[in-house]
Amino acid sequence: MVYVRQRTGNEVKEETATKIAGDGTDVDGDATSRLPRPAPLPSDPAPDPDTGLSDEQPSEDEIEVEPATSEDEIEPAEQEPAEQEQADGEPADGEPADKSLGAESPSGEAAEVEGASAEVEDASAGAVAADEPEDDDVTQVIPLPPTARDGAVAPAVQPAPAEEPLELDDPTPVIRRDDLGEPAAPAEPEAEAAPEENAGQAGPGKAGVPEEPGAAAEVSAESEARPSLVTRIAASAAGWLPPLLTLEGLVMYVLALRVPYGPMRGVDLAQINGLGLISVLPITAFAAIGLIIVSFFVTLTQNTDRKGVLLFQLAAVTFTLHGAAALVETEPRFHTAWVHAGFAEYIGRAGEALPGLDARFAWPGFFALFGFVLRAAGIHDPSPILQWTPFVSNLLYLLPFVLILRQLVATTRARWFAALLFVLVQWIGQDYFSPQGFTYALYLVFVAILMRWFGRAEPRTAPLPAKGVLRRLLARLDRLTPGELPARPTTVTDRVVLLTLLVGLFVATTATHQITPFMMLGALTGLIVLRRSTLTLALPVFLGLIVVAWVNYQATPFWSGRINELFGGIGKIFANLQENTGDRLVGTDPQHAIVLKIRLAICGVILLFAAVGLLRRLRRGVGDRAAAVLLCIPVLALGLQSYGGEIGLRVYMFALPAACVLGAYAFFPNLPAHTGGAREGETQPARRRLRLNPGTTRRVSAVLAGGTALVLSVAFLVARYGNEKFERVTTGEAAAMEYVYAHDRPSARLLYLVPVLGEEVTPTIPWRERDIDRVEYDQALVTKDPNDLSGVLTALRGKARNTFVIMTRGQAAYLELNQGFGADWGRRFRAALDSSSSLKRVYSNGDAALYTLRSYPKGSEIPPPLPLTSVGDRSTPWTPFGLVALALAVAALFGAELARLRAPERTTRVRRRLYVFGLVMTVAALAVIVERFLTLTGG
């Protein structure tokens, strides 16, 4: 006999059905998953070639009638009966109320029961699960009708009511969801020919039934009974309303920021206080951001994975948060961006770098690339590029990050919420026109290629060790279900191309930035050691040799004579952490201190979410090794050096992708049950103590995630734009610098204001945009007394003609918020400069002024520009041998890795010899590098 399971709400009824096709074997309803899988219907979406899932991936809002793949099935040898209780006090998001009904399928499609065989002659039974709307949770398992067993396709009819026994003679209902996630009405069956009732209902053209005169009237009446246009539009609102609300929010946001200032609208930048840009944003801007985020979660909680709409909404959130300054400010923000534009301009004009001018020229890759692009495109004013770079950069970051998310074993909601978190907590501002912002995109692409095409996901299958507590613990962790999908199948040619691309990305990063190559190297090594990559340790050795050689041979002006500065912070983890956190809160404005505390709070919150998400996944038997590696590796940089007090920011930035992934698991931790199959379900918790309604769990998780996103969006505006009072650049400040560039023939000197001489302080002026080889910059000391001009006069009198001191609104704001100067110090100091008998004002506007000495000694001339020569191509007698050994080591190790790609499972003699030769040459090259460090530093 065949059991028919019928579920309505939380009730499950089992009824006895008639025997199918004379089969004398009784089949348990729970064994439907063991029957042959039916052939997919033509209307079914094609499975994704990457994950095996269909384009419309299942979501948490459906129930699949296959048995759940729980942690009980992951470790059958170690499972204890007591572990059937829930471990964390709540079921998984979307967990079925009855475990016997199987795992929930995270898709908007109707859940189909695997039962009937693809071959008709061997098919004995089948079942189709009719998916009802989310609130009903009705799941039916009934046998296929005789017509289906005979090979004919049974017409779809309305399912029988849940309260009545199912009639096996009726055709099986097949209910599918339309594109909007709503159940599509099943097709009406053909009525049996009744002599009296159906004689006048047969349509024209039906065999054996004459056309009746009243048929046209009935068709007309039936067409009049169809839903009206308004009804159909209202029924499809779930599809078009979220993107419409997103578009409305974008328009509302732009108008709120761009229109002239007034009540509830506009932005008056002159009123910015210590809280930054958020202090002058109108309430309508916050309403627009909230509307976009809410529409994102409305789309996310629908029963279909609408990738296009979700990407559009993510881009809208990115625009509102990371494009706010570009909308309201006339000039590019962040003064260092102007410096990098000047570096690119010089390399594009002169065709060479100046390592003696700035250490960043020792890594000229970014400046050379954009110098060539700007010159080739004929762009003389890069201001628009600088202004919109933060927004464009964050859009580019999303592309590889989404690729990384697709390689994770996670629900649809978890993936998209992780992407949203990545946008909301990326506040540190390294996405401007800079080598760091550029190489961060390369880092994400590097990790995405590693995980997608060189990833590994193989749980331990060997039995647990008999002895050793630590060994057994490690073995248990090794047997956890991998939190990553295996690498995509590729050909040998594909692997060679991808490996070459990996090496190219690393080399480009090595020539561009100081820190990012080490983050790449750490991520690669960690994934290999923890068996989450198919590559070998020869590749990290090969890449590590490249970065060390670049520092030793190319960046000689940077480290020569500065070994203590470079390596003096090694091991001082707590000192570096204090310099990046607590020291930044000392001596600041009370309002600005709130900004710094909110920044630290965001870091703490996202790390807390990551810890909770990691624990929730572990309790479900999932080991997210890749995420753990990417989270922990950047922390090791705290033990190297303080990086000018910014190493904490860089650690946070590189740990952010993994933190967002694990943070999303804190809200949506469930593991897909069929990671390698054509459908995606969810496992059950290993222990069960408290049973909650799955619909309630889903709604609570979505509400909590949405509330968290709204709070983080407001916190982002405070953290990201909290320095806007001095980080923004005004038109007046840019005009003052233009005056200097117009009078820098043959050379000029510019003095900026600092509270302490000698410390490396980034000037809060748009400096070095042009003529970096003609204008020299120096410091002028100021005190909290606005009438004290002694430091400025001393600095001016020690310089030659054509020397200017610049006083700007931004410098005064920086001294006020970070050094404890008075709120009116800038106004009073400028008044003192104007009234000084020793100074002459040569240029002024509302935001900036330039001063010089009234008189210089007779006969003094403007000197020519200082020669900006580098330290020179310093070498040692062993340098040529080191270069030869380096080239041979690189060639041998790369060749060995390419040979392994052709036969991963075999160790050939040629490959072994390449490894040995490469390691020998590596040792020789490293010996010469050490000799150069010791010799050139001592010199």
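Before reading further, recall that the structure is shown in the block above.
We now turn to the structure provided with this report. (Residues numbered from 1 in each chain as written. Predicted model: local features only at pLDDT ≥ 70, side-chain atom pairs only at ≥ 80, totals over all residues. Heavy atoms only, no water.)

**Description of unusual backbone geometry**
Here Arg745 and Pro746 are connected by a cis peptide whose omega angle stands at -5°. One can find Pro746 in the loop between α26 (731-742) and β8 (748-754). Positive phi outside glycine occurs at Arg531, with the angle close to 55°. Residue placement: Arg531 occurs in the loop between α16 (516-529) and α17 (538-553). Classification of Arg531 as partly exposed rests on a relative accessible area of 37%. (Helix = DSSP H or I, 4+ residues; strand = E, 2+ residues; numbered from the N terminus. Buried < 20%, exposed > 50% of the residue type's maximum accessible area, 1.4 Å probe, protein only.)

**Notes on the sheet that holds strand β11 (residues 839-844)**
What the five strands build is an open sheet, ordered β9-β8-β10-β12-β11; its pairing is mixed. Two strands bound the open sheet, and with one partner strand each, they are β9 (775-781) and β11. Sheet twist, expressed as the average angle between the axes of neighbouring strands with direction ignored, equals 30°. Alignment of β11 against strand β12 (residues 848-853), held across five bridges, turns out to be antiparallel. Its bridge partner lying in β12, Lys840 is registered against Thr852. Each of β8, β9, β10 (803-808), β11 and β12 is contacted by α26, which is oriented at about 30° to β12, the strand it contacts most. (Pairing = 2+ DSSP bridges. Axes fitted to C-alpha atoms, helices over the stretch in contact; angles between N-to-C directions. Contact = heavy atoms within 4.5 Å.)

**Considering the packing of aromatic side chains**
Inspection of the entire model under this criterion finds 34 aromatic pairs. Pairing Phe319 with Phe391 gives two aromatic rings, centres 5.5 Å apart and planes at 80°, and the pair type is edge-to-face. Note that Phe319 is positioned in helix α7 (residues 307-322) and Phe391 in helix α11 (residues 383-405), a separation of 72 residues in sequence. The pair formed by Phe319 and Phe391 is uniform in burial state, with each residue classed as buried. Aromatic pair Tyr440 and Tyr443: ring centres 6.3 Å apart, planes at 15°, arrangement stacked. Taken as a pair, Tyr440 and Tyr443 lie in helix α13 (residues 435-453) at a separation of three residues, close to a single helical turn. The two residues Tyr440 and Tyr443 agree in class, both being buried. Here a set of aromatic residues connected by ring pairs shows up, and it is made of Phe343, Phe361, Phe366, Phe367, Phe370, Phe433 and Phe438. For the cation-ring pair, Arg452 lies above Trp453, with the distance from its terminal atom to the ring centre recorded as 5.5 Å. (Phe/Tyr/Trp six-rings, centres within 6.5 Å; stacked < 30°, edge-to-face > 60°. Lys NZ or Arg CZ within 6 Å of the ring centre and 35° of its normal.)

**Examining the packing of α16 against α17**
The N-to-C vectors of α16 and α17 enclose an angle of 170°; their axes lie 10 Å apart at closest approach. The orientation of α16 relative to α17 falls into the category roughly antiparallel. Residue-level contacts link Pro517, Phe518, Leu521, Leu524, Thr525 and Ile528 of α16 to Leu539, Pro540, Leu543, Gly544 and Val547 of α17. A per-class count over the contact of α16 with α17 returns nine nonpolar, two polar and no charged. (Parallel < 35°, antiparallel > 145°, perpendicular 65-115°, else oblique. Nonpolar A, V, L, I, M, F, W, Y, C, P; charged D, E, K, R; others polar.)

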